[in-house]
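# Survey of secondary and tertiary structure
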Amino acid sequence: MHLIIAEKNISANRIAQILAGNEKVRATKDGSVSAYSFDTKTVVGLKGHVVEVDFEPGYTNWRSETHTPRTLIDAGIIKKPTEKKIVNLIQKLSKKADLVTIATDYDTEGELIGKEAYELVRAVNPNVRINRARFSAITPAEIRTAFENLTDLDFDLAAAGEARQTVDLMWGAALTRFISLAARRGGTNILSVGRVQSPTLAMIVEREREIESFVPQTYWMLSLDTEKDGVTIEARHTAGRFTDHEAALAAEAGTKEPLVVTDVKEGQKTDRAPTPFDTTTFIVAASRLGLSAANAMRIAEDLYMNGYISYPRTDNTVYPKSLNLNAILNTLKGGVFDKDVAWVQQNRRPVPTRGKKESTDHPPIHPTGSATREALGQDRWKVYELVVRRFLATLSPDANWATTRCTFDASGESYKATGGRLLYAGWRRIYPYSEAKENILPVLAPGERLPIKKVNLEEKETQPPARYSQSRLIQVMEELGLGTKSTRHEVIGKLVSRRYVEGNPLRPTLVGRAVIDALDNHAETITEPEMTRTLEEHMQLIKQSRRSRDDVVTESREMLHRVFDKLEAHKSEIGTEIMEQTAEEHTLGPCPACGHDLRIRHIGVSQFIGCTGYPECRFNISLPGSTWGKAIRVEATCPEHNLSHVRLIRKGARPWDIGCPLCSHIASNVEALRMMPSMTDDLMQRLHAHHIYTVSEIAGMQPEDLAKAVDVEKKEAAELAREAEDALEVLRRRSELRKFVRKIVPPRKGRSHAKIIRNLLEQGIGDIHALSLADVAAIKKAGIPEATGTELLDAARGLCNERALREAGVPAVSLKKYQAGGVATPDDFCYLPIPYLASKTGINPETVHKHVDLVCRHLGRPAPQKISRTVFERGRKELLEVPGLGEATVDRLYLAGIYDAATLRVADPEKVSSITGIPKARLRDYIGHLK
Ligand SMILES: [Zn+2]
Ligand SMILES: [Zn+2]
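Report follows, based on the coordinates. Just so you know, these numbers come straight off a predicted model, no measurement behind them. (Residues numbered from 1 in each chain as written. Chains lettered and ligands numbered in written order. Predicted model: local features only at pLDDT ≥ 70, side-chain atom pairs only at ≥ 80, totals over all residues. Heavy atoms only, no water.)

### Some remarks on helix 31 (residues 834-841)
Keep this limit in mind: Burial classes follow relative accessibility: with a 1.4 Å probe on protein chains only, a residue under 20% of its type's maximum area counts as buried, one over 50% as exposed, and anything between as partly exposed. The helix and strand labels rest on DSSP assignments: H or I over at least four residues marks a helix, E over at least two residues marks a strand, and numbering proceeds from the N terminus. Residue contacts follow a heavy-atom distance rule, with two residues in contact if any of their heavy atoms lie within 4.5 Å.
Within helix 31, six of the eight residues are buried, leaving the element largely enclosed by the surrounding structure. Buried residues belonging to helix 31 abut helix 29 (812-820), helix 30 (826-831), helix 32 (845-859), helix 33 (869-881) and helix 34 (887-895). Following helix 31 by one or two positions, Gly842 adopts a phi angle in the positive range, close to 75°.

This is how it looks when you write it as structure tokens:
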């Protein structure tokens, strides 16, 4: 069997379809992992990395005395599977394979993923031949060529990837742990530090500092409007920016007619067609279409996997000779781009454009298949069209502009105007993404006199440097050698998700700045691009077999030890600096009760807003638990309360905006306050004025304090407190009902629990007891389907019965035995005979009597006669002695209250038969025997 291992499931499927040709591919599943077989071949897809590197066991405790953050530098590193099912399937198939081909993506990461697969195969089959297929697009031609020219795995390339993996783990884990511990942060609040991440963040912080320290300079621009043949011409003073106001005013005053054309220069300008896309230029172009870097790459990878475009991670901007450009044009023919392709074929430039970077691993990004808008959907089509149009543009002729430069003299002040006219659109016909603005000047001749229509002196200010957009940052990272084409956009994504930066353009958060400031002050190596760039260079050397992986990792370990020398010496300062700077991050504004700061507090999974004046001020606002999302402060401020807005954020979920915490607190408690019968608008206003917002606050207050606060008699205040207690009780039951419903009715799209509860309340069902008395029709009306409704009612009834029995005094342990015996309701206790209950549950009849007595008393009903254990056991024996009367019949007789010879002898066969189902004749028989 020939096992082929691809990078992802989707590429495995495509590769199988291509290699199978006309043969049918059988798709099978093994533990939810797909495999595609034909002929003697089976193709399986990985999920990128299926193993990860981690420290050997023993390093999980952050606060360990022996395994300090520094010890992570030299800790042993192991590989462990992250996708067990895939690993299992690969190894199962490897045992049977006589040839294995690694067909992962063709770059460092892909080679490393390939090597991981190689090791998985080798572990179970040491002798099987393993080779490698390399391709840049998942198209029939590329895949077939790759499989006809199989090579070997490039272990040097993989080793470069491994070195990076190890170094990243070691730097990231050791530094993250150190900084987090120093700043006393744990759990979801850790401060992550990373080899590429930190220098990137440092650039964003640095830019923000430049912006803040920027002092704008005032300058003046002078221009005039003139006119010829009804066309306005704007000419600018040749001095450009005036930094001296006096000089600008003098030049303005000196600008007088006659305005004479002194020189006219006509020329032509070539507007070169754009160069082929590498990853960075692609991301920049996609960002103009409104796509973030991460989004653009995700879509591009998806298009690659599906055979629409070539591999999107490439540093190459020169088409290799081997790339068949004609074939690509033919592929695009007949589709949406038919007219454009025909034009390019007729007007094609002799040689395609080429960029500055040429590498051999992958060609620049280009289309590999034709597609339709309908098949791709909006965003994927946007990206695909961009790639197609860029490709076509690189084969199109340059555009051509006619240019005019004109100089004027206005009584000694010189001005100039420039014009441009598109002579030949060339590539611009195909590629509409960059705008070409024409400015056509009328025909002018030297010596010509023109009127001055207007003189404009504009005051302007120099602008601070702009914040980085995501795509600009990626360009700068590339220039500085930070990260790789595959990782740059991911690094930015991490900075955003770790809340070190926000917005686009990117702005550092308070935490982001605090971490960088602390590192800058004590271990600048971590924030400077130098160290990261050195590693990238070392990786190149590993790829060229000029250095070994271990050698590079060792050097990096030494570097990190030197960093720790500095860090450990200043641990407490670093911690204090970060903590002082980030305290503000949780501060929301003034407490309405006392004026101290309100602050978001996190304690385990619970979070709330508390006053820094605690314990003197006990004002606080509760927040949903952090499982709903971690509470953070956002930029907006409530104009009424002067408090920052709060948002709950959770990975993979849309953020939940709480807005002003106090407004939200007030609004969510108004309904509850209105449940108090004596509540009026006026009273509520007086309560709010004293910062009393909830019924529980009212219930918890001393009557005299409450009386003083809202200016009422003490008696009235006591009544208010009582009403608040009642409201609280209703709310408690309502919340219990909500939890109960949520447990049984699964959440589904378009069926919110809040809506269900609202509907139930409208029908007067406000707690579990009311629910247990409701009928299915009412539940259905609340939006719950009948089957679920029946289940809900049964559960509510069960719970209420159980509660009633517990209330009556039946102990929990016995209650379980009754329930197991099918005895569930208080009525069961009152109406079923004691012998029956005892035999059904195995509980001693004397104990049963005690329980029955409790329940009957509780319900105000008479209790039955006690039966002692001896009587019960003797009676059973007596009954079993009656010929033809067995155990099963005895149990049925209990139901009719018959438990011994005496009770059977006086029984009415008619009545007993109707209760027990035992035929009358047989009963008469039994009774006959006794007489
Ligand atoms: Zn306070
Ligand atoms: Zn507010």
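Structure shown, so let's carry the discussion forward.
### Here's the deal with the pairing of strand 20 (residues 606-611)
Definition in use: By definition, two strands form a pair when at least two bridges between them are found by DSSP.
Of the pairings in the sheet, the one linking strand 19 (residues 597-603) to strand 20 comprises six bridges and is antiparallel in character. Directly across from Ile600, in strand 20, lies its bridge partner Ile609. The antiparallel pairing of strand 19 with strand 20 creates a hairpin that spans two residues between the two strands, and Gly604 there sits at a positive phi of about 60°. Alignment of strand 20 against strand 21 (residues 620-622), held across three bridges, turns out to be antiparallel. Note on strand 21: the bridge partner recorded for Gly610 is Asn620.

### Topic: the pattern of salt bridges
The line we're drawing: For salt bridges, the criterion is a side-chain nitrogen of Lys or Arg within 4 Å of an Asp or Glu carboxyl oxygen.
Applying the stated criterion across every chain, the model contains 56 salt bridges. The salt bridge involving Glu111 is made with Arg134; its shortest N-O contact spans 2.6 Å. Of the two residues, Glu111 sits in helix 3 (residues 108-124) while Arg134 sits in the loop between strand 8 (129-132) and helix 4 (140-148), which places them 23 residues apart along the sequence. The class for Arg134 is partly exposed, based on a relative accessible area of 22%.

### Observations concerning the coordination of the zinc ion (ligand 1)
Convention followed: Listed donor atoms are N, O and S within 2.8 Å of the metal (Na, K and Ca: 3.2 Å). As water is not included, a site may look incomplete. Labels for metal geometry use angle windows, namely 85 to 135 degrees for all angles of a four-donor tetrahedral site, and for square planar (four donors) or octahedral (six donors) sites opposite donors over 155 degrees apart plus all others within 65 to 115; sites meeting none of these are irregular.
Protein-derived ligands of the zinc ion (ligand 1) are Cys591 (SG), Cys594 (SG), Cys611 (SG) and Cys617 (SG), with the metal-ligand distances lying across 2.2 to 2.3 Å. Every donor counted, the four donor atoms about the zinc ion (ligand 1) form angles of 96 to 113° at the centre, which fits tetrahedral coordination. Mapping the donors of the zinc ion (ligand 1) onto the primary sequence yields the spacing C-x2-C-x16-C-x5-C. Owing to a relative accessible area of 5%, Cys611 belongs among the buried residues under this scheme. Given a relative accessible area of 9%, Cys617 falls into the buried group.

### Some details on the sheet that holds strand 21
Hydrogen bonding along the main chain pairs the strands of a sheet, whether they run parallel or antiparallel. Short version of the rule: Interaxial angle, 0 to 180 degrees, is taken between N-to-C directions of lines fitted to C-alpha atoms, where a helix line uses only the stretch in contact.
Ordered by their spatial adjacency, four strands build an open sheet running 18-19-20-21, and the pairing between neighbours is antiparallel. Lying at the two open borders of the sheet, with one neighbouring strand each, are strand 18 (587-590) and strand 21. Neighbour-to-neighbour, the strand axes of the sheet open up by a mean angle of 25°, direction not taken into account.

### Remarks on the packing of aromatic side chains
Keep this limit in mind: By convention, a stacked pair of Phe, Tyr or Trp rings (six-membered ring in the case of Trp) has centres within 6.5 Å and planes under 30 degrees apart, an edge-to-face pair has planes over 60 apart, and any other such pair is tilted. Criterion for a charge above a ring: Arg CZ or Lys NZ at most 6 Å from the ring centre, at most 35 degrees from the ring normal.
Applying the stated rule across the entire model yields 16 aromatic pairs. Ring geometry for Phe178 against Phe564: centres 5.6 Å apart, planes inclined by 75°, an arrangement best described as edge-to-face. Within this pair, whereas Phe178 is found in helix 5 (residues 155-182), its partner Phe564 is found in helix 18 (residues 549-569), the two being separated by 386 residues in sequence. Judged by its relative accessible area of 0%, Phe564 is buried. Look at Phe337 and Trp381: their rings are 5.7 Å apart centre to centre, the planes differ by 10°, and that puts the pair in the stacked class. Linking Phe337 in the loop between helix 10 (325-332) and helix 11 (338-347) with Trp381 in helix 13 (residues 378-394), this pair joins segments that are 44 residues apart in sequence. For the pair formed by Phe337 and Trp381, the shared burial category is buried. Cluster of aromatic residues (ring-pair linked, three or more members): Tyr308, Phe337, Trp381 and Tyr384. For the cation-ring pair, Arg207 lies above Tyr468, with the distance from its terminal atom to the ring centre recorded as 4.4 Å. Sitting over the face of the ring of Tyr219, Arg241 holds its NZ or CZ atom 4.1 Å from the ring centroid.

### Some points on the coordination of the zinc ion (ligand 2)
For the zinc ion (ligand 2), the protein coordination sphere consists of Cys638 (SG), His641 (ND1), Cys660 (SG) and Cys663 (SG), at 2.1 to 2.3 Å. Each of the four donor atoms around the zinc ion (ligand 2) contributes to a set of angles spanning 105 to 113°, which defines the coordination as tetrahedral. Within one chain, the residues serving as donors to the zinc ion (ligand 2) are arranged as C-x2-H-x18-C-x2-C. Here Cys660 lies in the loop between strand 24 (656-659) and helix 20 (661-674) and Cys638 lies in the loop between strand 22 (630-637) and strand 23 (644-649), a separation of 22 residues in the sequence. Of the two residues examined, Cys638 and Cys660, each falls in the buried class.

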